[in-house]
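# An overview of the molecular structure
Residues per chain are reported as follows:
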Amino acid sequence: MRIDILTLFPEMFQGPFSESIIKRAQDKGVVEIYCHNIRDYSTNKHKKVDDYAFSGGAGMVMRIEPIAALIEKLKAERDYDEIIYTSPDGQTLNQGIANQLSLKGNLMILCGHYKGVDQRIRDHYISMELSIGDYVLTGGELAAAVISDAVIRLIPGVISDETSALTDSFQDNLLAPPVYTRPAEFKGWKVPDILLSGDDKKVEAWKEQQAYERTKQRRPDLLK
Ligand code: ADE
């Protein structure tokens, strides 16, 4: 997979993409991530990337020309399966969307800023608009990092234990059951006996029951 991120702040991605599983995925060649600075595509004398809204009101709008130039340059180089725009008014990201995106070859993610991008960018280039939740961030960068992380970890070979992504919360519309490791007792706090029983069938049934109970208690909406 290849992910191209279009942003005013490429350095914001250094942390999230240079550690842990996402770093390893890049080292293994499973994913290539390129961060492009939109400002580099501004032909404006002062490298201006925003301007006042025609409608007036507070807040700047990201200008159409530099973003269009960058998108068109990338599109001329390869086909993109989705061109995603991060915005609080997009569809809310969920595990199903992450699963679908993990099957794609080339993704582009445009990070919104200020009051957003000129609507014509959204009308003519964007194929998918994603929000990561009903709250407003200072920009789309953190959202793009979240989307990338959720997608990349699902690509086969990224997580060493192939089954572990399949047993995540949400994969079957259930939250994950509680987990324990050694020691079996700490300060008198005991691991449930059944997990020490060695009876795989009973353990499996316990896990399913716990997942169901947890979902019913915390996220009954998932069971509908
Ligand atoms: N940009 C600002 N807030 C956002 C959000 N919640 N999701 C995606 N992009 C955003």
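So, how was this worked out
- Residues numbered from 1 in each chain as written.
- Predicted model: local features only at pLDDT ≥ 70, side-chain atom pairs only at ≥ 80, totals over all residues.
- Heavy atoms only, no water.
- Near = heavy atom within 4 Å.
- Polar contact = N/O pair within 3.5 Å; in protein donor to acceptor, adjacent residues only side chain to side chain.
- Areas by Shrake-Rupley, 256 points an atom, 1.4 Å probe, with all protein chains shown as cover.
- Helix = DSSP H or I, 4+ residues; strand = E, 2+ residues; numbered from the N terminus.
- Nonpolar A, V, L, I, M, F, W, Y, C, P; charged D, E, K, R; others polar.
- Core = buried A, V, L, I, M, F, W, Y, C linked by side-chain atoms within 4.5 Å.
- Buried < 20%, exposed > 50% of the residue type's maximum accessible area, 1.4 Å probe, protein only.
- Contact = heavy atoms within 4.5 Å.
- Pairing = 2+ DSSP bridges.
- Axes fitted to C-alpha atoms, helices over the stretch in contact; angles between N-to-C directions.
- Domains from an automatic or database assignment.
- 1 Å grid on protein atoms, 1.4 Å probe; cavity = no way out; pocket = protein on both sides within 12 Å on 5 of 7 lines; lining within 4 Å.
- Points joined across faces, edges and corners; volume = space filled by probe spheres on them.

### Here we look at the site of the ligand
Every residue near the ligand is listed here: Thr86, Ser87, Pro88, Leu130, Ser131, Ile132, Gly133, Tyr135, Val136, Leu137, Gly139 and Ala143. Between a nitrogen atom of the ligand and a main-chain N or O atom of tyrosine 135, the distance comes to 2.8 Å. In the model, a nitrogen atom of the ligand is placed 3.0 Å from a nitrogen or oxygen of the leucine 137 main chain. Notes on the ligand: free accessible area 260 Å², of which the protein chains cover 96%. Within the residue set of the shell around the ligand, elements represented by two or more residues are strand 5 (82–92) and strand 7 (128–131). Looking at which element gives the most residues to the shell around the ligand, the answer is strand 5, with 3 residues. Considered class by class, the residues forming the shell around the ligand number 7 nonpolar, 5 polar and no charged.

### Some words on the nonpolar core
Judged by nonpolar contacts, the single largest core of 31 residues is most densely connected at Ile3, Ile5, Leu101, Leu130 and Ile152. Considering each element in turn, this core owes the most residues, 6 residues, to helix 6 (residues 141–152). Excluding its chain neighbours within four sequence positions, the residues that come into contact with leucine 130 are Ile84, Tyr85, Thr86, Ser87, Gly90, Gln91, Leu93, Ile97, Leu101 and Ile147. The next biggest cluster of nonpolar side chains, apart from the first, holds 19 residues, and it includes Ile38, Leu70, Val117 and Ile121.

### Here we look at the sheet that holds strand 7
Across the sheet, 5 strands lie side by side as 2-1-6-5-7; this open sheet has parallel pairing. The open sheet has two edge strands with one neighbour each: strand 2 (32–37) and strand 7. Pairs of neighbouring strands in the sheet enclose a mean axial angle of 30°, with direction left out of account. Strand direction decides the pairing type here: strand 5 and strand 7, joined by 5 bridges, are parallel.

### Some thoughts on the domain arrangement of the chain
You can read the domains of the chain as domain 1 (2–152) and domain 2 (167–223). A C-alpha centroid distance of 37 Å is found between domain 1 and domain 2.

### Considerations on the layout of surface pockets
There is about 470 Å³ of room inside the largest pocket. Taken together, 24 residues make up the lining of the largest pocket; nearest its centre are Pro177, Pro178, Val179, Glu204 and Lys207. Classifying every residue of the lining of the largest pocket by side-chain character gives 16 nonpolar, 2 polar and 6 charged.

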